[in-house]
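Report on the structure
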Amino acid sequence: NGSIKNVLAPGYDDQRETAIANLDDDNCAEIFIYGSLNSNNASEGHYIFAYDCNFVEKWRTMIRGNVSTSRGDPVHYGLADFNGDGQVELYCKDMILNAHTGAIIVNSTTDWRYLNGGPVAVDILGDLDLELVIGCIIYKVDLVAGVLTELMRAPDYQTRTTPNVLYRHATS
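This report concerns the structure included in the present document. (Residues numbered from 1 in each chain as written. Predicted model: local features only at pLDDT ≥ 70, side-chain atom pairs only at ≥ 80, totals over all residues. Heavy atoms only, no water.)

**Side note on the overall build of the protein chain**
- Scanning the protein chain from N- to C-terminus turns up 0 helices and 14 strands.
- Listing every helix and strand of the protein chain by position from the N terminus yields β-β-β-β-β-β-β-β-β-β-β-β-β-β.
- Per-residue burial over the protein chain gives 40% buried out of 172 residues.
- Relative to all contacts within the protein chain whose residues are 6 or more apart in sequence, the contacts with residues 24 or more apart total 38%.
- With the model as given, the accessible surface of the protein chain reaches about 9,300 Å², and the carbon-plus-sulfur share is 49%. (Helix = DSSP H or I, 4+ residues; strand = E, 2+ residues; numbered from the N terminus. Buried < 20%, exposed > 50% of the residue type's maximum accessible area, 1.4 Å probe, protein only. Contact = heavy atoms within 4.5 Å. Areas by Shrake-Rupley, 256 points an atom, 1.4 Å probe, with all protein chains shown as cover.)

Shown next as structure tokens:
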């Protein structure tokens with residue numbers, strides 16, 4: 001009937017991104033939200049929260065997402081089954097979590113200020129496994145070893161960290 005059935009009042013600073021997927025094929029889709037428990041302290045409190053369709057929290061995982069004191073804002077994140085095993089992963093930039101449990105599979109090693117905020121999971125190699133493309137860099141995903149291996153990158157790319165500053169990166 002179009003009526004609102006549930007409302008989430010999270011008790012933290014929820015950000016603009018949300019991902020929704022029915023992971024367990026049980027007609028109760030999981031809802032993933034990025035939020036900050038302490039928006040005044042940039043070095044702590046940035047999480048991905050997972051809820052069931054009734055907004056019961058299933059898990060929360062702190063997202064490191066940087067090696068500095070800047071915010072760990074993933075910008076955009078997505079859901080994919082990288083190796084086709086039926087278990088869905090949640091990826092944010094160069095960090096991959098088990099979407100069912102929140103366990104970190106691939107931990108970030110990059111300062112997120114210098115990493116594109118729009119990653120995409122796609123089968124570029126044609127091997128039925130998904131690669132992770134972040135900006136102009138293509139990574140092979142190894143969920144067993146918990147690592148991303150750079151396969152290729154554009155010879156020159158740029159990132160913007162503030163509206164008026166453009167950083168130019170040359171690659172070898």
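**Structural notes on the sheet that holds strand 12 (residues 147-153)**
- With respect to topology, 4 strands assemble into an open sheet ordered 9-10-11-12, the strand pairing being antiparallel. Two strands lie at the open edges of the sheet, namely strand 9 (120-122) and strand 12, each paired on one side alone. Strand-to-strand, the axes of this sheet are offset by a mean angle of 35°, without reference to chain direction. (Pairing = 2+ DSSP bridges. Axes fitted to C-alpha atoms, helices over the stretch in contact; angles between N-to-C directions.)

**Quick notes on the side chain of Asp 52**
- Topologically, Asp 52 is positioned in the loop between strand 3 (46-51) and strand 4 (57-62).
- One buried charged residue, Asp 52, remains without a salt bridge, the closest side chain of opposite sign being Lys 58 at 6.6 Å.
- Within polar-contact distance, the side chain of Asp 52 engages the backbone nitrogen of Asn 54 at 2.8 Å.
- Once residues within four sequence positions are removed from consideration, Asp 52 is found in contact with Cys 28, Ala 29, Ile 31 and Lys 58. (Lys, Arg positive; Asp, Glu negative; His and termini not counted. Salt bridge = Lys/Arg side-chain N within 4 Å of Asp/Glu carboxyl O. Polar contact = N/O pair within 3.5 Å; in protein donor to acceptor, adjacent residues only side chain to side chain.)

**With respect to the pairing of strand 2 (residues 30-36)**
- Burial analysis of strand 2 places 7 of its 7 residues in the buried class, the great majority of the element.
- A two-sided burial pattern is seen for strand 2, the buried positions comprising Glu 30, Phe 32, Tyr 34 and Ser 36 on one face and Ile 31, Ile 33 and Gly 35 on the other.
- Bridging between strand 1 (residues 13-21) and strand 2 involves 6 bridges; their strand directions are antiparallel. In the strand pairing of strand 2, Ala 19 is matched with Phe 32.

**Details of the pattern of salt bridges**
- Using the criterion set out here, one finds 6 salt bridges in the structure.
- For Asp 24, the salt bridge is made with Lys 58, and the minimal N-O distance between the two is 3.7 Å. Linking Asp 24 in the loop between strand 1 and strand 2 with Lys 58 in strand 4, this pair joins segments that are 34 residues apart in sequence.
- With a relative accessible area of 37%, Lys 58 lands in the partly exposed category.
- Among the salt bridges present, the one from Asp 127 reaches Lys 140, with a minimum N-O distance of 2.9 Å. Of this pair, Asp 127 sits in the loop between strand 9 and strand 10 (131-134) while Lys 140 is found in strand 11 (residues 137-142), placing the two residues 13 residues apart along the sequence.
- One network of salt bridges, with partners in common, ties together Asp 24, Glu 30 and Lys 58.

**Side note on the sheet that holds strand 2**
- Read from one edge of the open sheet, 4 strands run 1-2-3-4, paired in antiparallel fashion. Of all strands in the sheet, those with a lone pairing partner are strand 1 and strand 4, marking the two edges. On average, each strand axis in the sheet is tilted by 20° relative to the strand beside it, whichever way the strands run.
- Two strands pair when backbone bridges link them, and strand 2 and strand 3 are joined in this way by 6 bridges, in the antiparallel orientation. Opposite Ser 36, over in strand 3, you have His 46 as the bridge partner.

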